[in-house]
Amino acid sequence: MDITSCPITYYGQTYDKVYVAFESNTFSLCFNGSYQTGIKNDCIFMSGGTADRGGLSVFTKEIPAGSGVHRLLPNLSNAGKCINIIPLKDSQQSEEADAQVDGVSVFKQTYQSAETNVGVITDVSGCRLAGVVYKTNTTVSDPTTCTSVMCDFSGVATVVNDCGPMEQCQGDGSCVFKTMCTVTGSAVINIVGRVESVPDRCGYTLVGPSVIPGFKVLGVFQERRRKDVSFLERVILQLDSPNIQISLEQGGRVQLDEKVLKVNGSAQVVHGVELSRDHRGVTAQLSKSQYTVHVLFDGNTALIHTTGPSETAVQGLCGNSNRPLVQEKAAEHSAPGCGMGYAEAADSNINCNHTTDWCNLLKEAPFSACNEHIDPEPYMAACTHTLCKYPAVDGLKCQFLEAYVKACSLHSNVTVERWTTKTSCQRQVGDPRCLCRAIFASKYKSANAYGEPTECTKKSASVTMANCLLEDKSIDYAFLHLNDEACKAEMDELTHMLTFKFNSSNTCGTVVMNTIMRRNLSDSGMINRQSPVHIDFSCYYAQPEIKSMAIRLKHRAVMQEMTSGEWKYNLTMKAYSDAERNNVIQLDTDIQLDQNIWVEIETEGLDEKVVVVFTGSSADVYLHCKLELCVTQSNACAPICSQGARRRRSAFAKYEDKNPALITMAWSN
């Protein structure tokens, strides 16, 4: 039967057709096709009578509020537009009505003939939600999910969560305060799933003291390979009483103020904060006044999990306030100039479409097992935003996937199985490699250098290099040495700068110039294909300008100060009229033709154990002396023959002084 002119809403579903049938002593009115045994259907059955026929009447006139129908059905408040009537005539004493939804009985009632002859109206309306039906004007609670379903007079079902937005059901009808904040890369995914991106290299408050008074969690950000993208560098736990800071840093390092703590798998309590370290990273936990703040930091991602007996406000970037980013900046953890913006050209090697497909894996199996517990959308947005701008190196491609997996495990105790197999991601184990920050490295890369210039002093020389620049070239500093393989670099544990040095006591195989080179791994029995490393460095003396003196005009001696780097020495030439050098030729001394004079060359500022001086001279009126320096080794230094003669074969010939000093003395009449 077509009832388009007056459709029927039956337990939340609206129908414009009904299917009626008589079978034995049962009358059926169904909405999803004719009644068949064993087939799920929405039907109303009348049984117990002998009626075998009936009719359908549709009245389209308005039934105003307050009518007889409304008086019999007090829950009916709105005016009606139409009514469907199907009269059945029966001589039996009683009839049974059975309302079914999906083949399951939801309402039964028996009517006596005395009632039906007068007229009875029964409300069999209700709500349907997720396959479950509810009677109108009822509320049904489920303690396992801490939810209540309200079915109103109009047959509309509404689910009410008995827990607040920041609370979680315990499965027994009770709720606890439970939030998760994830900080990974420059993205902060707060407790309500909103994503905030930190644009600079400053420190920010992640969780303020509203949860635990006098306790804050802060994050400090730094750049890596690009100047315009920041990453979480370390997490700081700040306690006002006592006034201390616990810093969770790269490589699992933990510092209490300036003191490094040894943290392992056995939990230790430091000023009320419980610290431990395992394969997941460093965990810090503080409990007070029934509230607990749990922080897990693996060097890339910080997971901040907060629990308590009831919902409370959360301050900081992890909170759900709309405070501007600048108001959360922690000045005491922000270096001068940290807020300066940088712009770099887009990386043409990045395909953002492929990046988006990769990040969207969080909606697929096996990650989908967690989707009902942790919304994947904020993690996908953070992943796409970063990887569309920053190259997928240093494990970054898998970092956002792992952050989602860890958040799901920590917040909801749900394990995402075999995700590394599907994605070919390898979990980060052990200390991370040294990464060169873009701002730090820019001055070296622009000069095509590995570090600072050679530092020269009176008796030593040293060169300092950045380990991260070497690692960028796949050079392991542990295999580097000077000419003497026993002379290796010293590592500064704080700055990760390497220093090679030698001095007069330990020349490290110096022959004017020293060389940093890589040890041959084949010496240890390993077969390894490697590129040679040769980095030469030396201290040198620049050639001075030509100096002259006319004895009768100014001086009795010529003195020149030589400078190279920070090595300095004075070179002095004096003339004498006797071989014993007792009588210095003065300004007014007359020099006769064919008169013999004796000239003395002196140096001041050179270590005689390291350097010796060779001189060459000319007997013309202008006296020129050329000095060459040679670094001694085994108390010997072979001189180099003049240009006009054959050079003496020497192992040190290639290390001759490229900048010999030249000093001139002249006189006139």
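- The name given to the protein chain in an unreviewed UniProt entry is ZP domain-containing protein, with Dissostichus mawsoni as the source organism.

Here we look at the overall build of the protein chain
Part 1 of the argument: Helix and strand content of the protein chain: eight helices and 42 strands.
Part 2 of the argument: For the protein chain, long-range pairs separated by at least 24 residues make up 54% of all intrachain contacts whose partners lie at least 6 apart in sequence.
Part 3 of the argument: For the protein chain, the accessible area works out to roughly 36800 Å², and carbon and sulfur atoms hold 48% of it.

Examining unusual backbone geometry
Part 1 of the argument: Here the amide bond leading from Ser241 into Pro242 is cis, since omega sits at 0°, within 30 degrees of zero.
Part 2 of the argument: Of note, Pro242 is situated in the loop between β21 (230-239) and β22 (244-248).
Part 3 of the argument: Look at Cys146: it is not a glycine, yet its phi comes out positive at around 55°.
Part 4 of the argument: Secondary-structure assignment places Cys146 in the loop between β12 (138-142) and β13 (147-151).
Part 5 of the argument: Backbone geometry at His271 places phi at a positive 50°, although glycine is not the residue there.
Part 6 of the argument: Looking at the secondary structure, you find His271 in the loop between β25 (268-270) and β26 (273-278).
Part 7 of the argument: Of the residues examined, His271 reaches a relative accessible area of 44% and is grouped as partly exposed.

What to know about helix α3 (residues 352-359)
Part 1 of the argument: Burial in α3 covers these residues: Thr355, Trp358 and Cys359. Along α3, the residues classed as buried sweep out an arc of 95° about the axis, all on the same side. Turned more than 90 degrees off the buried face of α3, the exposed positions are Asn353, His354 and Asp357.
Part 2 of the argument: In the core, the buried residues of α3 are packed alongside α4 (377-387), α5 (396-412) and α6 (419-423).

What about α4?
Part 1 of the argument: Buried residues dominate α4, accounting for eight of its 11 residues.
Part 2 of the argument: The set of residues buried in α4 consists of Pro378, Tyr379, Met380, Ala382, Cys383, Thr384, Thr386 and Leu387.

Considerations on the environment of His411
Part 1 of the argument: Mapped onto the elements, His411 comes out in helix α5.
Part 2 of the argument: Not counting residues within four places of it along the chain, the set of residues in contact with His411 comprises Gln168, Lys178, Thr179, Met180, His305 and Ile374.

As for the sheet that holds strand β33 (residues 490-491)
What links the strands of a sheet is backbone hydrogen bonding, and the strands pair in either a parallel or an antiparallel sense.
Part 1 of the argument: In spatial order, the strands read β30-β31-β34-β33; together these four strands make up an open sheet with antiparallel pairing. Looking at the sheet topology across the chains shown, the edges are occupied by β30 (455-456) and β33.
Part 2 of the argument: Relative to strand β34 (residues 497-503), strand β31 (residues 460-466) is paired through seven bridges, and the arrangement is antiparallel. The residue of β34 that forms the bridge with Met465 is Leu498.

Quick word on the nonpolar core
Part 1 of the argument: Among the nonpolar cores identified, the biggest contains 44 residues, and Val217, Val235, Leu237, Ile246, Leu248, Leu275 and Ile304 are the most heavily contacted of them.
Part 2 of the argument: Ignoring sequence-local partners within four residues, the contact set of Val217 consists of Tyr204, Thr205, Leu206, Val207, Val235, Ile236, Leu237, Val293, Val295 and Ile304.
Part 3 of the argument: Counting 33 residues, the second-largest nonpolar core is a separate cluster that includes Trp358, Leu361, Tyr404 and Val416.

Some words on the packing of aromatic side chains
Part 1 of the argument: Within this structure, the stated rule accounts for 10 aromatic pairs.
Part 2 of the argument: Consider the rings of Phe177 and Tyr291, whose centres lie 6.1 Å apart with planes at 70°: the pair is edge-to-face. Taken together, the residues span a long stretch of sequence, with Phe177 in strand β16 (residues 175-184) and Tyr291 in strand β28 (residues 291-297) at a distance of 114 residues. Of the two residues examined, Phe177 and Tyr291, each falls in the buried class.
Part 3 of the argument: Each member of the aromatic cluster is reached from another via a ring pair, and the members are Tyr10, Tyr11, Tyr15 and Phe31.
Part 4 of the argument: Geometry around Phe231 places Arg224 over its ring, the cationic atom sitting 4.5 Å from the centre.

Focus: the side chain of Glu223
Part 1 of the argument: Structurally, Glu223 is set in strand β20 (residues 215-223).
Part 2 of the argument: Buried and without a salt bridge, Glu223 has Arg201 as its closest oppositely charged side chain, separated by 4.4 Å.

A closer look at the state of the cysteines
Part 1 of the argument: For the coordinates displayed, the defined rule picks out 12 disulfides.
Part 2 of the argument: At a sulfur-sulfur separation of 1.6 Å, the disulfide partner of Cys370 is Cys408. Looking down the S-S bond of the Cys370 and Cys408 bridge, the torsion is 125°, so its handedness is right-handed. Of this pair, Cys370 sits in the loop between α3 and α4 while Cys408 sits in helix α5; the two residues are 38 residues apart in sequence, bridging distant segments of the chain. Comparing Cys370 with Cys408 shows no difference in burial state: the two are buried.
Part 3 of the argument: At a sulfur-sulfur separation of 2.0 Å, the disulfide partner of Cys487 is Cys508. Note on the Cys487 and Cys508 pair: the S-S dihedral is about -85°, so by sign convention the disulfide is left-handed. Separated by 21 residues along the polypeptide, Cys487 in the loop between β32 (480-481) and β33 and Cys508 in the loop between β34 and β35 (513-518) bring together distant segments of the chain. For the pair formed by Cys487 and Cys508, the shared burial category is buried.

Some details on the pattern of salt bridges
Part 1 of the argument: Using the criterion set out here, one finds 13 salt bridges in the structure.
Part 2 of the argument: Residue Glu600 pairs with Arg581 through a salt bridge whose shortest N-O separation is 2.6 Å. With a gap of 19 residues between them, Glu600 in strand β39 (residues 598-604) and Arg581 in the loop between β38 (567-576) and β39 connect regions that are remote in the sequence.
Part 3 of the argument: Relative accessible area serves as the criterion here: at 15%, Glu600 is assigned to the buried category.
Part 4 of the argument: One salt-bridge network, in which partners are shared between bridges, spans Arg226, Asp228 and Lys389.

Examining the side chain of Ser412
Part 1 of the argument: One can find Ser412 in helix α5.
Part 2 of the argument: Polar side-chain contacts of Ser412 include one of 3.0 Å to the side chain of His411.
Part 3 of the argument: When near neighbours in sequence (up to four residues on either side) are disregarded, Ser412 contacts Gln168, His373 and Ala407.

Side note on the pairing of strand β29 (residues 301-308)
Part 1 of the argument: Counting buried residues along β29, seven of its eight residues qualify, which places the element largely inside the surrounding structure.
Part 2 of the argument: Where β16 lies against β29, eight bridges are found, and the strand directions are antiparallel. Within the sheet, the bridge partner assigned to Cys181 lies in β29 and is Ile304.
Part 3 of the argument: In the sheet, β28 pairs with β29 via six bridges, with the strands oriented antiparallel. Each bridged residue has a counterpart across the sheet, and for Leu296 the counterpart in β29 is Leu303.
Part 4 of the argument: Counted along the chain from β28 to the antiparallel partner β29, the turn is three residues long, and its residue Gly299 has a positive phi close to 95°.

How each quantity is defined
As a convention, each chain's residues are numbered from 1 in the sequence order in which they are written. With pLDDT at 70 or above as the cut-off, local features in this predicted model cover only qualifying residues; side-chain atom pairs require 80 or more to be listed or tallied, and sums for whole chains, interfaces and linings still use all residues. The side-chain numbers reported here are obtained from all heavy atoms of the structure, hydrogens and water having been left aside. In this description a helix means any DSSP run of H or I spanning at least four residues, a strand means any run of E spanning at least two, and both kinds are numbered starting from the N terminus. The contact criterion used throughout is that any non-hydrogen atoms of two residues lie within 4.5 Å. Residue-level accessible areas treat just the shown protein chains as cover; the underlying method is Shrake-Rupley with a 1.4 Å probe. In this scheme, a residue with accessible area under 20% of its type's maximum is buried, one over 50% is exposed, and one in between is partly exposed, where area comes from a 1.4 Å probe on protein chains only. Working note: the arc is built from the helix axis to C-beta atom directions. When DSSP finds at least two bridges between two strands, those strands are taken to pair. Among buried residues, the Ala, Val, Leu, Ile, Met, Phe, Trp, Tyr and Cys ones that are joined through side-chain atoms within 4.5 Å form a nonpolar core. Only Phe, Tyr and Trp rings are paired, with Trp represented by its six-membered ring, and only when their centres lie within 6.5 Å; those with planes under 30 degrees apart are stacked, over 60 edge-to-face, the remainder tilted. In this scheme, Lys NZ or Arg CZ marks a charge over a ring once it lies within 6 Å of the ring centre and within 35 degrees of the ring normal. Only four residue types enter the tally: Lys and Arg on the positive side, Asp and Glu on the negative side, with His and both chain ends excluded. Take a side-chain nitrogen of Lys or Arg and a carboxyl oxygen of Asp or Glu: if they are within 4 Å of each other, that pair is a salt bridge. Two cysteine sulfur atoms make up a disulfide if the distance between them is within 2.5 Å. Here a polar contact is taken to be a pair of N or O atoms separated by no more than 3.5 Å, where protein atoms must pair a possible hydrogen donor with a possible acceptor and residues adjacent in sequence count only if both atoms sit in side chains.

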